Amino acid sequence: MKSALITGITGQDGSYLAELLLGKGYRVYGLSRRASTSNTERIDHILDKIELIDGDLTDLSSLIQAIREANPDEIYNLGAQSFVGTSFKTPLATGQTTGIGALNVFEAARLTKPDAKIYQASTSEMFGKVRETPQSDLTPFHPRSPYGFAKVFAHYAAMNYRESYGMFICSGILFNHESPRRGEEFVTRKISMGVAKIHLGLTDHITLGNLDAKRDWGFAGDYVKAMWMMLQQETPEDYVVGTGETHSIREFLDLAFKSVGIEDWSGYVKTDPKFMRPAEVDVLIADTKKTREKLNWIPEVSFPELVDLMVKSDIKQLHGQNSHHRRHGLSGAKHNPVADPARAQSH
């Protein structure tokens, strides 16, 4: 039986990846930072099938101990401070977790389990002010946020450990990938939840930043399959994972409101400069030729299907919360980001 250690297992990608690996018969370990409140909502439904190990990306000794305990065939480093907006407010913490944290994973593996295959979660935010369109694994980086440049550090650390020590480390340069499990601070989930609340009469508007920014958006459940595929190859390489399509936030809004029967959404959306990035990334679009040809990977969920899935999931979640409130006379029930439609889509 193969075993895998996932950092960031409680996040969107970690939860989908854990489900995928369990379905393939893996023994799954997750690195979990001890906190005063539980943050396992996305993996509560599989907690009895995985093993959580206390650890922190910023603490090398805890990573060495975690790798010794799990003795993994594969390590997936998905843990990071991953919200771009927050990275401008906490650049040092972002650098420690997202950049140095990755270096700690590679060093702990080198010292403890050098033959483990490692996946490093790189990001399209490394391209930032893009030098060419579309972007491939050979496109130069010009990050435009502390999150972006911390990920560039981690990406080059992965490359150096691969070349210096012969370790099997692949970096997946993933473009934006969303799902009903996306955190509500991210613009796509902010939109899907906002539209769901408008549809149910719980609010009358959504406040957003730059509506013209364009991204290459796919479904997270598809993207974790590409992560796994990278580690099944004969030699370690870096891959760009995306759909090869670009869509604006306006297009996302169009589809989200149409899914609840609203054609003209202009009266429901406000813009506020506080949601604008200090340095914006305008257009990101993936060159997926290498990934499609070498991994034989293609996204299965289309952009319109993704938007509809997220909105319908949030409507269902809010319905569940409201019925719970009515039954128990409560308000402000704890948010649970895992919705049934996501589980149905994740395998």
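Remember, it's a predicted structure, so these values are computed and weren't measured experimentally.

1. Re the overall build of the protein chain
Each helix and strand in the protein chain was counted, giving 11 helices and 13 strands. Taken across its 347 residues, the protein chain has 54% of its residues classed as buried. Counting only contacts in the protein chain whose residues sit at least 6 apart along the sequence, the fraction spanning at least 24 positions is 78%.

2. Thoughts on the environment of Lys294
Secondary-structure assignment places Lys294 in helix α9 (residues 289–295). On the basis of relative accessible area, Lys294 is assigned to the partly exposed category, the value being 44%. Between the C-alpha atoms of Lys294 and Met229, which are 65 residues apart in sequence, the distance is 9.7 Å. When neighbours within four sequence positions are excluded, Lys294 is seen to be in contact with Gln233, Glu237 and Tyr239.

3. A few points about the sheet that holds strand β5 (residues 117–123)
Sheet strands line up and pair through hydrogen bonds in the backbone, either parallel or antiparallel. If you walk across this open sheet you meet the 7 strands as β3-β2-β1-β4-β5-β6-β11, and the pairing is parallel. Edge positions in the open sheet fall to β3 (51–54) and β11 (239–241), since each of these has one partner strand only. The mean angle between the axes of side-by-side strands here comes to 25 degrees, regardless of whether they run parallel or antiparallel. Note: strand β1 (residues 3–7) against strand β4 (residues 74–77), 4 bridges, orientation parallel.

4. Here's the deal with the nonpolar core
Grouped together as the largest cluster of nonpolar side chains are 60 residues, with contacts concentrated most on Ile6, Tyr76, Tyr119, Leu253 and Phe257. Those residues within four positions of Phe257 in sequence are excluded, and the remaining contacts are Val195, Ile198, Ile206, Ile262, Trp265, Tyr268 and Val269. Ile53, Val105, Ala108 and Tyr161 belong to the second-largest nonpolar core, a separate cluster that totals 24 residues.

5. Focus: the confidence of the model for the protein chain
Of all residues in the protein chain, 90% have pLDDT values of 70 or greater, and the mean over the chain is 91. Overall, residues 331–347 carries pLDDT values under 50, and its contacts beyond four positions in sequence, including any with other chains, amount to 47 contacts.

6. Observations regarding the packing of aromatic side chains
Each aromatic ring pair is described using two quantities: the centre-to-centre distance and the angle formed by the ring planes. In total, this model carries 13 aromatic pairs according to the counting rule given. Ring geometry for Tyr161 and Tyr165: centres 5.1 Å apart, planes at 55 degrees, overall tilted. Note that Tyr161 and Tyr165 are positioned in helix α5 (residues 146–165) at a spacing of 4 residues, about one turn of the helix. On the accessibility criterion, Tyr161 (11% relative accessible area) is buried. We classify Tyr165 as partly exposed; its relative accessible area is 45%. The rings of Phe127, Phe141, Tyr156 and Phe175 are connected pair by pair, giving a single aromatic cluster. Between Arg110 and the ring centre of Tyr165, over which it is positioned, the NZ or CZ distance is 4.9 Å. Across from the ring centre of Phe168, 4.5 Å away, lies the NZ or CZ of Lys117, which sits over that ring.

7. Re the packing of helix α1 (residues 12–23) against helix α7 (residues 220–230)
Packing of α1 against α7 brings their axes to within 9 Å, and their N-to-C directions diverge by 65 degrees. As α1 runs across α7, the sense of the crossing is right-handed. Each of Gln12, Asp13, Tyr16, Leu17, Leu20 and Leu21 in α1 lies in contact with α7, whose residues at this interface are Ala220, Gly221, Val224, Lys225, Met227 and Trp228. Looking at the contact of α1 with α7, its residues break down into 8 nonpolar, 2 polar and 2 charged.

8. Side note on α7
Residue pairs spaced three or four apart in an α-helix point in one direction, given the helix's 3.6 residues per turn. Burial within α7 is extensive, with 9 of its 11 residues counted as buried. Listing the buried residues of α7 in full gives Ala220, Gly221, Asp222, Tyr223, Val224, Lys225, Ala226, Met227 and Met230.

9. So, unusual backbone geometry
Note that the residue after Thr133, namely Pro134, is joined by a cis bond; omega there is -5 degrees. One can find Pro134 in the loop between β5 and α5. Unusually for a residue other than glycine, Asn71 sits at a positive phi of about 45 degrees. When you line up the elements, Asn71 lands in the loop between α2 (60–70) and β4. For Asn296, which is not glycine, the phi dihedral falls at a positive 60 degrees. Asn296 gets classed as exposed once you look at its relative accessible area, which sits at 65%.

10. Some points on the packing of helix α4 (residues 91–112) against α5
Axis separation between α4 and α5 bottoms out at 8 Å; the angle between their running directions is 15 degrees. Considering their axes alone, α4 and α5 lie roughly parallel with respect to each other. Between α4 and α5 lies a crossing of right-handed hand. Packed against α4, whose contacting residues are Pro91, Thr94, Gly95, Thr98, Gly99, Ile100, Ala102, Leu103, Phe106, Glu107 and Arg110, the element α5 presents Pro146, Tyr147, Ala150, Lys151, Phe153, Ala154, Ala157, Ala158, Tyr161 and Tyr165 at the interface. Taken together, the residues of the contact of α4 with α5 sort by class into 14 nonpolar, 4 polar and 3 charged.

Reading the values: rules and limits
- Residues numbered from 1 in each chain as written.
- Predicted model: local features only at pLDDT ≥ 70, side-chain atom pairs only at ≥ 80, totals over all residues.
- Heavy atoms only, no water.
- Helix = DSSP H or I, 4+ residues; strand = E, 2+ residues; numbered from the N terminus.
- Buried < 20%, exposed > 50% of the residue type's maximum accessible area, 1.4 Å probe, protein only.
- Contact = heavy atoms within 4.5 Å.
- Pairing = 2+ DSSP bridges.
- Axes fitted to C-alpha atoms, helices over the stretch in contact; angles between N-to-C directions.
- Core = buried A, V, L, I, M, F, W, Y, C linked by side-chain atoms within 4.5 Å.
- pLDDT = per-residue confidence, 0-100.
- Phe/Tyr/Trp six-rings, centres within 6.5 Å; stacked < 30°, edge-to-face > 60°.
- Lys NZ or Arg CZ within 6 Å of the ring centre and 35° of its normal.
- Left-handed = near helix turned anticlockwise from the far one by under 90°.
- Nonpolar A, V, L, I, M, F, W, Y, C, P; charged D, E, K, R; others polar.
- Parallel < 35°, antiparallel > 145°, perpendicular 65-115°, else oblique.

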